[in-house]
Amino acid sequence: MDKFVVRSKRKNEDVDDLRASLELESKAVAAVDNVNRVNRVENQPVQNQDCKINYSENQPAVGKSTVPSKFKTWKKENPWLELNVNNCTVLLIICTEACERKLIINLDSRSISSKQAWVDDGFSNWKHGLERIKAHVKSNLHRDSSEALSNVKEINVAELVSTYHLKQMIENRMALRKIFCTLRVLAKQGLPTRGDNNDEKSNFMAFLNARAEDVTELQSWLQRGGHKWLHHETQNEILNLMANAILSEIMKEIREAEFFSILLDETSDISRTEEVSVCIRIFFDNLTSKEYFIGFFSIKDIKAKTLFDLVNEILVSHSLSLLKLRGQCYDGDANVSGNISGLQTRIREEEPRALFVHFTAHRMSLC
């Protein structure tokens, strides 16, 4: 009976130790995972020139290292596992981080052996991989490393970013730069970015595939799974960011000018939506002028009050003073050129020096 009680106590102690180990481990993983969650590319085999990683149930072939497909499941259950692409071995983030920060000082003989297998050399015994991982979780090195990391009050984010994740981040940024550059070239040349029926046959994808032949980072990005930021809505968002940056520089030059004039014309698009094109012209001391296209603006109707509100909104949004307006240029429609309630009359009530001039170039286009 006494032997049974002793064995029962030992089992309870083992369970308590395992629970304590898991609690410490979860705290350490939470600290490390805050950084790795951002840069981790989930479930992707990573290749480089020195080592090709293939997920397979077979044993490693000659000249290659083969990682079993079960490793994906092991990594989901044990997020502190990390695949070293240089020698195709497995390292433990928790133990490696604790050893690099010198948080573990006293190591017994078993901890030294465990450190050599899981930190220094890396683990590659795939045949008994799961058993060895479970055994290491209960080891003193893993428990001490988890406890040491959980007790660290301040964690340096830069130090926690592994070499692999840093390399992956640099490659992703390189690919995104190529995407931005390709869109900028298409926009400057006035070429459409989308295809007839889908985005796969668009000019944008054709340019990217051609550039991927010379840029390995871009080729890896196009072949990856998940988000690639290539959808036409993403393209429109990127183009809007570029347009806003250019418009900001234009408005800076206009604000520095002493005076400016405004050119405005309205028309209906294919969907019968009223569109207003707005341009601003400035001049310099040498009597040369420069004209800038500000954009197309949708309006509900073409009444003089609606157009007047639009002009005020554009000037206010770009910090342009109506007192510096010296010229107005529209066509001959009554809503803009009318002497009683037209747009030019409403603006001259606010700034009498803003003279109205008929849009002669528009008259020539109608001939």
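Residues numbered from 1 in each chain as written. Predicted model: local features only at pLDDT ≥ 70, side-chain atom pairs only at ≥ 80, totals over all residues. Heavy atoms only, no water.

Asker: With reference to specific residues and values, describe unusual backbone geometry.
Answerer: Located in the positive-phi region is W229, a residue other than glycine, with phi close to 60°. Following the sequence through the fold, W229 ends up in the loop between helix 10 (216-223) and helix 11 (232-256). Its identity is not glycine, yet L287 carries a phi of approximately 65°, on the positive side. Mapping L287 onto the fold places it in the loop between strand 6 (274-283) and strand 7 (289-299). In this structure L287 comes out as exposed when scored by relative accessible area, which is 76%. (Helix = DSSP H or I, 4+ residues; strand = E, 2+ residues; numbered from the N terminus. Buried < 20%, exposed > 50% of the residue type's maximum accessible area, 1.4 Å probe, protein only.)

Asker: Pulling in residues and values, what's your account of the pairing of strand 8 (residues 325-330)?
Answerer: Buried residues dominate strand 8, accounting for 5 of its 6 residues. Summarising the sheet, strand 5 (residues 260-268) and strand 8 pair through 4 bridges and their orientation is parallel. When the bridges of strand 8 are listed, S261 appears paired with G327. Inspection of the sheet shows strand 8 paired to strand 9 (residues 355-358) by 4 bridges, in the parallel sense. Among the inter-strand pairings, G327 is bridged to a residue of strand 9, identified as L355. (Pairing = 2+ DSSP bridges.)

Asker: Explain the nonpolar core to me, and be specific about the residues and the numbers.
Answerer: Among the nonpolar cores identified, the biggest contains 29 residues, and I254, F260, L264, I294, L343 and I347 are the most heavily contacted of them. At the level of elements, helix 11, strand 5, strand 6, strand 7, helix 12 (304-317), strand 8 and helix 14 (343-350) are the ones that each hand at least two residues to this core. At 6 residues, helix 12 tops the list of elements feeding residues into this core. When residues no more than four places from it in sequence are discounted, the contact partners of L343 are L264, A304, L307, F308, Q328, Y330, N335 and V336. If you look at the next biggest cluster of nonpolar residues, it comprises 15 residues, including L183, L186, A212 and L230. (Core = buried A, V, L, I, M, F, W, Y, C linked by side-chain atoms within 4.5 Å. Contact = heavy atoms within 4.5 Å.)

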